[in-house]
Amino acid sequence: MVSAAFPARAQTDEQIISLVKQAIASSKSNDFRSAIDTYKKALAMSEARHGPVHPFIAGCLAGLADNYTETGQYERAIDCLKRSLAQSQQTLGEADHRNAMIFSFLSDSYQNIGAYDDAISSAKKGLELLISNEKQDHVSLPALLTRLANCYVIKSDYQNAESVIDKLLELDPRSTSAFTLLGSLRFSQGRVNEAKEAFEKSISLANEKKLDAFYKKNAWIHLANAEVALENYDDALALLAKSRKEALSTLGPDHPDMGRLLCDLAEVHSNLGITLKELGRLEDAFSAVIKSIRIKPTVDAKNL
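Residues numbered from 1 in each chain as written. Predicted model: local features only at pLDDT ≥ 70, side-chain atom pairs only at ≥ 80, totals over all residues. Heavy atoms only, no water.

Undergrad: Could you clarify how one ought to interpret the packing of helix α7 (residues 140-154) against helix α8 (residues 158-171) in this entry?
TA: Working note: a packed helix pair is described by the angle between its axes plus the distance between those axes. Between α7 and α8, whose axes approach to 8 Å, the crossing angle comes to 155°. With respect to α8, the element α7 is oriented roughly antiparallel. In this structure, α7 crosses over α8, and the sense of that crossing is left-handed. From α7, L141, P142, L145, T146, L148, A149, Y152 and V153 reach across to α8, where they touch Y158, N160, A161, V164, I165, K167, L168 and L171. Of the residues belonging to the contact of α7 with α8, the class tally is 13 nonpolar, two polar and one charged. (Axes fitted to C-alpha atoms, helices over the stretch in contact; angles between N-to-C directions. Helix = DSSP H or I, 4+ residues; strand = E, 2+ residues; numbered from the N terminus. Parallel < 35°, antiparallel > 145°, perpendicular 65-115°, else oblique. Left-handed = near helix turned anticlockwise from the far one by under 90°. Contact = heavy atoms within 4.5 Å. Nonpolar A, V, L, I, M, F, W, Y, C, P; charged D, E, K, R; others polar.)

Undergrad: Explain helix α5 (residues 99-112) to me, please; I cannot follow it from the model alone.
TA: Because each turn of an α-helix spans 3.6 residues, side chains separated by three or four positions end up pointing in the same direction. In this model, α5 (14 residues) spans 20 Å end to end at C-alpha, consistent with the 20 Å of a helix rising 1.5 Å per residue. The buried count for α5 comes to ten of 14 residues, which makes it a mostly enclosed element. Looking at α5, one finds that the buried residues are N99, A100, I102, F103, S104, L106, S107, S109, Y110 and Q111. As for α5, its buried residues are in contact with α3 (55-70), α4 (74-92), α6 (116-132) and α7. (Expected span 1.5 Å × (residues − 1). Buried < 20%, exposed > 50% of the residue type's maximum accessible area, 1.4 Å probe, protein only.)

Undergrad: How should I be thinking about unusual backbone geometry in this particular structure?
TA: Among all residues save glycine, negative phi is the norm, and among peptide bonds the norm is trans. The backbone of E134 sits at a positive phi, close to 55°, despite the residue not being glycine. Its place among the elements puts E134 in the loop between α6 and α7. Backbone geometry places S156, a non-glycine residue, at a positive phi of 60°. Assignment of secondary structure puts S156 in the loop between α7 and α8.

Undergrad: Would you explain the pattern of salt bridges in this entry?
TA: Here the idea is simple: oppositely charged side chains can pair when their charged atoms come close. Taken as a whole and judged by the stated rule, the model has twelve salt bridges. A salt bridge links R186 to E194; the nearest nitrogen and oxygen atoms lie 3.5 Å apart. On the accessibility criterion, E194 (37% relative accessible area) is partly exposed. For K216, the salt bridge identified is with E246, shortest N-O distance 2.3 Å. Linking K216 in the loop between α10 (192-208) and α11 (217-229) with E246 in helix α12 (residues 233-250), this pair joins segments that are 30 residues apart in sequence. Pair check on accessibility: K216 and E246 agree, each one buried. Sharing partners across several salt bridges, the network here consists of E162, R186, R191 and E194. (Salt bridge = Lys/Arg side-chain N within 4 Å of Asp/Glu carboxyl O.)

The quantities given are spatial measurements derived from coordinates; they are silent on function.
Next up, the structure:
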């Protein structure tokens, strides 16, 4: 139900814009539920004032999708993105290159629910728009290629994965995400030493660029798993401790990605604990499992 303070029919566009600004501020403060509620009010006002098709409606739907994603409501995010895409295609035209960004977000959302074929299809559609409009320098291009390569790695389509990663490195030879993907590809192929080198390269480039932990989190997790696969258990433990400390100091405990990072760290700690137990390193195994248990309530509390 729409609050009386915000009537369903806005008197001016400024009222809608003001609500959208409030929603953006809530999202930046990690108050995603408030952002969702505010976007819903702005969406209702936009539809009442402008009818079924308008850029305001597309923008509100995209904002809703982003916040649904942050709260793990991926199916709702996909529904909003589909509606946003339909709005954009009606107002801009189906062939407009600006639709590529929505296809990129759709690809990401499909990956989140394990619908990799749909994710691949969305990424390809976005790429086709950029190529046909000669917009190879568009900001969405690296994201679309990254999502496409990741899906190919997950589906063990190594030939296509390699081809897309090569394109990413052609665009940017110092791309941290490209080297993380290359590491994932090599790990999946059983070439663990090469995977380790790629993950280390990704982290090194991120450090050189002075990027924060957000850009290193995937490489950290994968590198720890590579160390375990190579039986470098002490190195894995040291890396996990270092990455958690750096993430907390650079991102802070309230960063929206901390919950997911800590959850991934907890899983690696738990798996490593089982491995160390089997090797008879009971004290180290106990320590790893305890760290996993201590991390997990932090994650659960942040998602209440």
